[in-house]
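# Understanding the architecture of this molecule
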Amino acid sequence: MQLRDKLDQDRMLISAWSTSPSEEMAGALARCPFDTVTVDMQHGAHSESTAFASAGAIFAAGKPAILRIPVGRNDLASRALDMGFEAVIAPMINSVADARAFASAMKYPPVGERSWGPMKALQMHSAYSPESYFRSANGKTLSLAMIETRAAFAALDGILATDGIDGVFVGPSDLSISWSDGAGVDPRNEELQDVIATIGSRAQQAGKFAAVFAVDPADVPRFGKMGYRLAALNTDPGIIHAGAAVMLEKARG
Ligand code: 3PY
Ligand code: MG
């Protein structure tokens, strides 16, 4: 099932977060019971080649793949869709103009200016003909604009109203830096919770999806109550550390 269809089922989806430049590791994450895997090219160590190979490994495990592009790399957003990623997260979307440029790379005309060439995506999703892929791509692919600064929060309604933007993705670490005017980084700061809740409810009102990076998995049910439909959990090293801690505690009695 495609990511868009899973999101339409109205339950909280959980994504793993792949930072290690390894398709084997991305495939291993996809074989865990996550709903999807996000490959991070902004802060993760992925190159284009490891990211694109990871999309194939994630797809082979029966899961949809999401790519986070580096700041402003809208060329990679179109390319990610061609390579079979079903959603793209764009960091630091701080204005309606940023949102429009991102949406334009993600959607075919008349919504945007995505150029034709989804050869790998067509191989992966073999139920599509070129014509049926073209007709459904704008509706099935997801453009998620990151809200992670005060400027983005101020522009939120305009970003949500932008044609071709399917949802927002909250980055609580950068948001905490911006909110404190650079005083520190504290993604679980109490003061931010109201801001995160407001973003969730405004996205719902606008008929768009809200997603968030969850530093602590214990926060995910609360995000669900705020209207969020997708939460990304920690990074692959974090997941290995957490698993190792559980195993070692058992082994050492
Ligand atoms: C942030 O919290 O700033 C993020 O970008 C999450 O990955
Ligand atoms: Mg960030």
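Our structure is the block above this text.
Let us look at the structure shown here. What you are looking at is a predicted structure, and each value in this text was computed from that prediction instead of being measured. (Residues numbered from 1 in each chain as written. Chains lettered and ligands numbered in written order. Predicted model: local features only at pLDDT ≥ 70, side-chain atom pairs only at ≥ 80, totals over all residues. Heavy atoms only, no water.)

### Considering helix α5 (residues 96–106)
To keep it simple, the criterion reads: Only protein chains enter the accessibility calculation, which uses a 1.4 Å probe; a residue is then buried when its area is under 20% of its type maximum, exposed when over 50%, and partly exposed in between. Note on conventions: DSSP H or I runs of at least 4 residues are helices, E runs of at least 2 residues are strands, and numbering of each starts at the N terminus. We call two residues in contact when some of their heavy atoms are within 4.5 Å.
Residues of α5 that are buried include every one of A99, F102, A103, S104, A105 and M106, and no others. Looking at the buried residues of α5, the elements they touch are α4 (74–82), β4 (87–90), β5 (142–147) and α9 (156–161).

### Here we look at the site of ligand 1
What counts is decided by this rule: Only heavy atoms are used to decide nearness, and a residue is near a molecule or strand if one of them lies within 4 Å of it. Pairs of N or O atoms within 3.5 Å make up the polar contacts considered here, provided that, within protein, one atom can donate a hydrogen while the other can accept it, and that residues adjacent in sequence are counted only when both atoms are side-chain atoms. Only protein atoms enter the calculation, which uses a 1 Å grid: trapped sets of points that fit a 1.4 Å probe without letting it out are cavities, open sets showing protein on both sides within 12 Å along at least five of seven lines are pockets, and any residue with an atom within 4 Å of a point is a lining residue. Any molecule with more than half of its atoms within 2 Å of a cavity's or pocket's grid points is regarded as sitting in that cavity or pocket.
Taken together, W17, R68, M146, E148, G171, P172, S173, D174 and F213 make up the full set of residues adjacent to ligand 1. Interatomic distance of 2.8 Å between a side-chain N/O atom of R68 and an oxygen atom of ligand 1. With respect to the pocket detection grid, ligand 1 is positioned in the largest pocket. Tallying contributions element by element places helix α10 (residues 172–179) first for the shell around ligand 1, with three residues.

### So, the layout of surface pockets
To keep things clear, this is the line we draw: Grid points are joined across faces, edges and corners, and a volume is the space filled by probe spheres set on the points.
Size it by volume and the largest pocket reaches roughly 240 Å³. Along its surface, the largest pocket is lined by 15 residues, and H43, R68, S173, D174 and F213 are the ones closest to its centre. Here the lining of the largest pocket gets three residues from one element, more than from any other, and that element is α10.

### A short note on empty space enclosed by the protein
Selection rule: By the convention adopted, Pro, Cys, Tyr, Trp, Phe, Met, Ile, Leu, Val and Ala count as nonpolar, Lys, Arg, Asp and Glu as charged, and the other residues, Gly among them, as polar.
Summed over all chains, the structure comprises one cavity of 30 Å³ or more. Of the voids in this model, the largest cavity is the one considered here, and its volume is about 90 Å³. Together, 13 residues line the largest cavity, and Q2, E86, H125, Y133 and T141 are the ones closest to its centre. A per-element tally of the lining of the largest cavity places helix α7 (residues 130–140) first, with four residues. Considered class by class, the residues forming the lining of the largest cavity number six nonpolar, five polar and two charged.

### Considering the packing of α10 against helix α11 (residues 190–205)
This is how it is decided: Axis lines are fitted through C-alpha atoms, for helices just across the contact stretch, and the angle between N-to-C directions can take any value from 0 to 180 degrees. Any angle from 65 to 115 degrees is called roughly perpendicular, while one under 35 is roughly parallel, one over 145 is roughly antiparallel, and all others are oblique. In this scheme the handedness of a crossing depends on how the near helix is turned from the far one: anticlockwise by less than a right angle means left-handed, clockwise means right-handed.
Their axes nearest at 11 Å, the elements α10 and α11 cross at an angle of 120°. Classed by the angle they form, the pair α10 and α11 counts as oblique. Read as a crossing pair, α10 and α11 show a hand that is right-handed. Contacts between α10 and α11 pair P172, L175, S176 and W179 from the former with E191, L192, V195, I196 and I199 from the latter.

### Observations concerning the sheet that holds strand β3 (residues 65–68)
Here is the rule: Note on pairing: two strands pair once DSSP finds at least 2 bridges between them.
If you trace the eight strands once around the closed barrel, you get β1-β2-β3-β4-β5-β6-β7-β8, paired in parallel fashion. In this sheet, adjacent strand axes meet at a mean angle of 25° when their direction is disregarded. Bridge analysis of strand β1 (residues 13–18) against strand β2 (residues 36–40) gives four bridges, and the strand direction is parallel. Across the sheet, residue S18 finds its bridge partner in β2, namely V39.

### Remarks on the coordination of the magnesium ion (ligand 2)
Here is the rule we go by: Only nitrogen, oxygen and sulfur atoms within 2.8 Å of the metal, or 3.2 Å for Na, K and Ca, are treated as donors, and water is left out, so sites may look incomplete.
Looking at the metal site, the magnesium ion (ligand 2) is ligated by E148 (OE) and D174 (OD), spaced 2.1 Å from it. One end of the pair, E148, is in the loop between β5 and α8 (150–154); the other, D174, is in helix α10, with 26 residues separating them in the sequence. On the basis of relative accessible area, E148 is assigned to the buried category, the value being 2%.

### Some details on the packing of aromatic side chains
The way to describe two aromatic rings as a pair is by their centre distance and the angle between their planes. Basically, it comes down to this: Any pair of Phe, Tyr and Trp rings, taking the six-membered ring for Trp, is counted once the centres come within 6.5 Å. Such a pair is stacked with planes under 30 degrees apart, edge-to-face with planes over 60 apart, and tilted for the rest. Geometrically, a charge over a ring is one whose NZ (Lys) or CZ (Arg) sits within 6 Å of the ring centre while staying within 35 degrees of the ring normal.
Taken as a whole and assessed by the stated rule, the structure comprises nine aromatic pairs. A ring pair is formed by Y108 and W116, whose centres lie 5.6 Å apart and whose planes are at 40°; its orientation type is tilted. Every member of this aromatic cluster is reached through a ring pair, and the members are Y108, W116, Y128, Y133 and F134. Above the face of the F153 ring, R202 is positioned so that its terminal group lies 5.4 Å from the ring centre. When the ring centre of F223 is taken as reference, the NZ or CZ atom of R222 above it lies at 5.6 Å.

### A few points about the pairing of β5
For β5, the tally of buried residues reaches six of six residues, placing the bulk of the element in the interior. Taking every second residue as pointing to the same face, both faces of β5 are buried, with L142, L144 and M146 on one and S143, A145 and I147 on the other. Here four bridges tie β4 to β5, and the two strands are oriented parallel to one another. Following the sheet pairing, A90 is matched in β5 by A145.

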